[in-house]
There are 2 protein chains.
Amino acid sequence: MDETQALKALSALSDGTRLRMLRFLVQAGADGAAAGEIGAAVGSSPSRSSFHLAALAASGLVRPERVSRRVIYRVDFAALGGLMGYLIEDCCGGHPAVRACCAPTGTEKG
Amino acid sequence: MDETQALKALSALSDGTRLRMLRFLVQAGADGAAAGEIGAAVGSSPSRSSFHLAALAASGLVRPERVSRRVIYRVDFAALGGLMGYLIEDCCGGHPAVRACCAPTGTEKG
DNA sequence: TCCATATTTCAACCATACTTGAATCGTTGA
DNA sequence: TCAACGATTCAAGTATGGTTGAAATATGGA
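Before going into details, it helps to say that this report is about the structure given with it.

Calculation rules
Residues numbered from 1 in each chain as written. Chains lettered and ligands numbered in written order. Predicted model: local features only at pLDDT ≥ 70, side-chain atom pairs only at ≥ 80, totals over all residues. Heavy atoms only, no water. Pairing = 2+ DSSP bridges. Helix = DSSP H or I, 4+ residues; strand = E, 2+ residues; numbered from the N terminus. Contact = heavy atoms within 4.5 Å. Axes fitted to C-alpha atoms, helices over the stretch in contact; angles between N-to-C directions. Near = heavy atom within 4 Å. Polar contact = N/O pair within 3.5 Å; in protein donor to acceptor, adjacent residues only side chain to side chain. Nonpolar A, V, L, I, M, F, W, Y, C, P; charged D, E, K, R; others polar. Buried < 20%, exposed > 50% of the residue type's maximum accessible area, 1.4 Å probe, protein only. Lys, Arg positive; Asp, Glu negative; His and termini not counted. Salt bridge = Lys/Arg side-chain N within 4 Å of Asp/Glu carboxyl O. Buried area = accessible area lost by both parts, 1.4 Å probe.

### Section: the sheet that holds strand 1 (residues 33–34) of chain B
Residues and elements named next belong to chain B.
Okay, so step 1: Pairing in this open sheet of three strands is antiparallel, and the strands run 1-3-2 from one edge to the other. Edge strands, defined here as strands with exactly one partner in the open sheet, are strand 1 and strand 2 (62–67).
Okay, so step 2: Here strand 2 runs beside strand 3 (residues 70–75); their pairing, made up of six bridges, is antiparallel. Residue pairing across strands places Arg63 opposite Arg74, the latter belonging to strand 3.
Okay, so step 3: Helix 2 (residues 16–28) rests against strand 1, strand 2 and strand 3 of the sheet, and its axis sits at about 85° to strand 3.

This is the structure:
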């Protein structure tokens, strides 16, 4: 993950519709979800959904796969992890206060 | 950290100039750095620097403090950690593949 | 072939964000 | 008060991004 790729991913996530789409796809897990299903879940029209899903796919955070009439989108967890790793290591320098919020318990909320 | 605040922070980080500013401020640590120094470090004009630093401050990721003629900016590591925690827990559902990239060693790059 | 479903693409419009250069504000020291 | 310094604000222009609705593409079934 380099800066250019990180900027693409951050830009993709800085939109409410796309952030909700990603959350929905994370919950969907390995099965993924069809474009129409995702759009319905986040309340966006077909063309809007297509636009935003294309942006997410271009950022590398999700991947499309055509299955019959549908296009199934799945989260690329490795890419998502790569973005987190870049932010924590390269941008935050692995600062303890940042790393603390990534601990499995997740109860040390500031 | 709620979705609105996360979107502000992600939006702030989705710009190359601001991302480099944050990295510079992380390296500066608790001492922080003056606006002019930050601008010089990332190669942006005074007005541009002021604009972008204001955006970072509005997002809560950095905090300004006037010291004599200068304005010292410092990273709010708790806010940064809050953003990471939100992304990992609320958006990524604490998925193992994501969490793996936050491990202290940072060698399990995908 | 014809029709229905699922998704994407396109053009037009609107809104927001970025850049630039000059002007302004606040502080320091003479 | 004046001049110099550091930072911000303002106005104007440019660029990018989002929304909408209609049209187009691709697949599946009769």
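### Observations regarding the protein's contact with DNA strand C
Okay, so step 1: Around DNA strand C, a shell composed of 18 residues is seen, among which Gly36(A), Ser47(A), Tyr73(A), Arg18(B) and His52(B) lie nearest.
Okay, so step 2: Near-protein atoms of DNA strand C (within 4 Å) split between backbone and bases, with sugar and phosphate holding 71%.
Okay, so step 3: Residue Tyr73(A) places a side-chain N or O atom 2.5 Å away from a phosphate oxygen belonging to DNA strand C.
Okay, so step 4: Between DNA strand C and the protein, one listed contact pairs a phosphate oxygen with a side-chain N or O atom of Arg18(B) at 2.8 Å.
Okay, so step 5: Sorting the residues of the surface near DNA strand C by element identifies helix 3 (35–42), helix 4 (46–59) and strand 3 (70–75) of chain A together with helix 4 (46–59) of chain B as the ones contributing at least two each.
Okay, so step 6: The element best represented in the surface near DNA strand C is helix 4 of chain B, accounting for four residues.
Okay, so step 7: When its residues are assigned to classes, the surface near DNA strand C shows six nonpolar, six polar and six charged.

### Here's the deal with the side chain of Arg18(A)
Residues and elements named next belong to chain A.
Okay, so step 1: By the element assignment, Arg18 lies in helix 2 (residues 16–28).
Okay, so step 2: Despite its burial, Arg18 pairs with no opposite charge, the nearest such side chain being Asp15 at 4.5 Å.
Okay, so step 3: A distance of 3.2 Å separates a polar side-chain atom of Arg18 from the backbone oxygen of Ser11.
Okay, so step 4: Other than its neighbours up to four places away in sequence, Arg18 contacts Ser11, Ala12, Phe51, His52, Ala55 and Leu56.

### Side note on the interface of chain A and chain B
Okay, so step 1: Tallying the contact residues gives 36 residues for chain A and 36 residues for chain B.
Okay, so step 2: Summed over both sides, the interface between chain A and chain B buries roughly 3,200 Å², with carbon and sulfur atoms accounting for 69% of that surface.
Okay, so step 3: The tally of links from chain A across to chain B stands at four salt bridges.
Okay, so step 4: A salt bridge links Arg23(A) to Glu3(B), with the shortest nitrogen-to-oxygen separation between them at 3.6 Å.
Okay, so step 5: Here chain A is connected to chain B by four residue pairs in polar contact (both at pLDDT 80 or more).
Okay, so step 6: Residue assignment for the side of chain A that touches chain B shows that the elements contributing at least two residues are helix 1 (3–13), helix 2, helix 5 (77–91) and helix 6 (96–100) of chain A.
Okay, so step 7: Considering only residue class, the side of chain A that touches chain B consists of 20 nonpolar, eight polar and eight charged.

Any functional reading would require information that these geometric values do not contain.
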